[in-house]
Amino acid sequence: MTGVIHDLFPTNAPHLADRLVITMDLLASWHFQEVAAEVLIEEIHTAAELMLKSLGLPRSKRMSFAELIDGAHDQGLIDERSSQTLHALKSTRVGAKHRGSADAKEWLDANFWDVVAALERLSAKAKAPLNSFD
């Protein structure tokens, strides 16, 4: 028997479904220590960014990750805790990817369930683009 541990099924954004299956697979792999923290941080960031861009925020395609988080929070699409967690994810990712920081595992150990909860909330609110130019 197999199944998924984390619920990232974007019912209203089917264009994200295949991509989020990869995210769910890597999240599950984290539980078995089968994926490096830096890889998972990058994957979570990518998934969050795709979902944030699918919330229907005006000009979302041109917004930075931080602007997407703030816009979603300002519109009441994510709560304060998710906003703080996603901003912390951004900082941790920048450190791991661009500065060679080794704190990705420590951050994930402390924040894994909060960031997964934020992803699950985003997947429930993501929606399909209105047209191919969105």
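Residues numbered from 1 in each chain as written. Predicted model: local features only at pLDDT ≥ 70, side-chain atom pairs only at ≥ 80, totals over all residues. Heavy atoms only, no water.

(A) Region of the structure containing the packing of aromatic side chains. According to the stated counting rule, one finds one aromatic pair in the structure shown. Residues Phe112 and Trp113 carry aromatic rings whose centres are separated by 5.1 Å and whose planes lie at 90° to one another, so their mutual orientation is edge-to-face. Take Trp113: its relative accessible area is 56%, and that puts it in the exposed class. (Phe/Tyr/Trp six-rings, centres within 6.5 Å; stacked < 30°, edge-to-face > 60°. Buried < 20%, exposed > 50% of the residue type's maximum accessible area, 1.4 Å probe, protein only.)

(B) Examining the pattern of salt bridges more closely. Tallied over the full model, the rule gives four salt bridges. Where Arg93 meets Glu42, a salt bridge forms, and the shortest distance between an N and an O atom there is 3.0 Å. Remark: Glu42 occurs in helix α2 (residues 37-53) and Arg93 occurs in helix α4 (residues 80-98); sequence separation between them is 51 residues. Where Asp114 meets Arg81, a salt bridge forms, and the shortest distance between an N and an O atom there is 2.9 Å. (Salt bridge = Lys/Arg side-chain N within 4 Å of Asp/Glu carboxyl O. Helix = DSSP H or I, 4+ residues; strand = E, 2+ residues; numbered from the N terminus.)

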